[in-house]
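Spelled out, the chains give:
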Amino acid sequence: MKIYFNNVCFYYRNLIKKVFLTALKELDNNFQNIVINLSFKSQEEIRQLNKTFRNVDRATDVLSFPFLEIKYGEKVADFKEDINPDGTIDLGDIVICKQVAKKQAKEYKHSLKREIAFLSLHGLLHLLGYDHIEKEDEIVMNQCADKILNKLKIKRG
């Protein structure tokens, strides 16, 4: 797995990579040559992205831009037509607003580390086809996130 980080400090790079590796293993979706772009953006930058791509004019915590039309449960390795000549598959982009994450960590009474881990994982799950539009899908996605974060001993509160 290759993660291209933009504006993400070393501490969070290691945390995010650990979360992603654990998630891909737990989801049995461990295609070795996945490429993900992950950026931290300001509130204004993420607000503009949210407005442009979702028609929602407010800052948000995390946005995901999947490159594959994958549904949860499908394997990345099965998307053979999307494999690049170098053997990699571009999974997509994840954008996180650290300022919103700080506010949410305080609101939920847990660490910023936990919030960044959760938001990164949430973004990855979207890239892998998980969603939370329907209540049933939200339950599946949340159970999956809880299982992975618990395995890493990254607790709420």
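Residues numbered from 1 in each chain as written. Predicted model: local features only at pLDDT ≥ 70, side-chain atom pairs only at ≥ 80, totals over all residues. Heavy atoms only, no water.

1. Quick look at the packing of helix H1 (residues 10–26) against helix H4 (residues 112–127)
Then comes step 1: Interaxial distance between H1 and H4 falls to 9 Å at its minimum, and their mutual angle equals 45 degrees. Regarding the angle of H1 to H4, the classification is oblique. Like other packed secondary-structure pairs, H1 and H4 cross with a definite hand, here right-handed. Taking contact as the criterion, the partners of Tyr 11, Tyr 12, Leu 15, Ile 16, Val 19, Phe 20 and Ala 23 in H1 are, on H4, Leu 112, Lys 113, Ile 116, Ala 117, Ser 120, Leu 121 and Leu 124.
Then comes step 2: Tallied by class, residues from the contact of H1 with H4 come to 12 nonpolar, one polar and one charged. (Axes fitted to C-alpha atoms, helices over the stretch in contact; angles between N-to-C directions. Helix = DSSP H or I, 4+ residues; strand = E, 2+ residues; numbered from the N terminus. Parallel < 35°, antiparallel > 145°, perpendicular 65-115°, else oblique. Left-handed = near helix turned anticlockwise from the far one by under 90°. Contact = heavy atoms within 4.5 Å. Nonpolar A, V, L, I, M, F, W, Y, C, P; charged D, E, K, R; others polar.)

2. What to know about the environment of Met 141
Then comes step 1: Checked against the element boundaries, Met 141 lands in helix H5 (residues 135–151).
Then comes step 2: Overall, the relative accessible area of 1% leaves Met 141 in the buried class.
Then comes step 3: Beyond its immediate chain neighbours, meaning those up to four positions away, Met 141 contacts His 122, Leu 125, His 126, Tyr 130, Asp 131 and His 132. (Buried < 20%, exposed > 50% of the residue type's maximum accessible area, 1.4 Å probe, protein only.)

3. Some words on the pairing of strand E1 (residues 2–6)
Then comes step 1: Residues Ile 3 and Phe 5 point to one face of E1 and are all buried, whereas Lys 2, Tyr 4 and Asn 6, pointing to the other face, are not buried.
Then comes step 2: Across five bridges, the pairing between E1 and strand E2 (residues 34–41) is parallel. Within E2, the residue paired with Asn 6 across the bridge is Ser 39.
Then comes step 3: Crossover connection from E1 via H1 to parallel E2: handedness left-handed. (Pairing = 2+ DSSP bridges. Right-handed = clockwise from strand over helix to strand, strands pointing away.)

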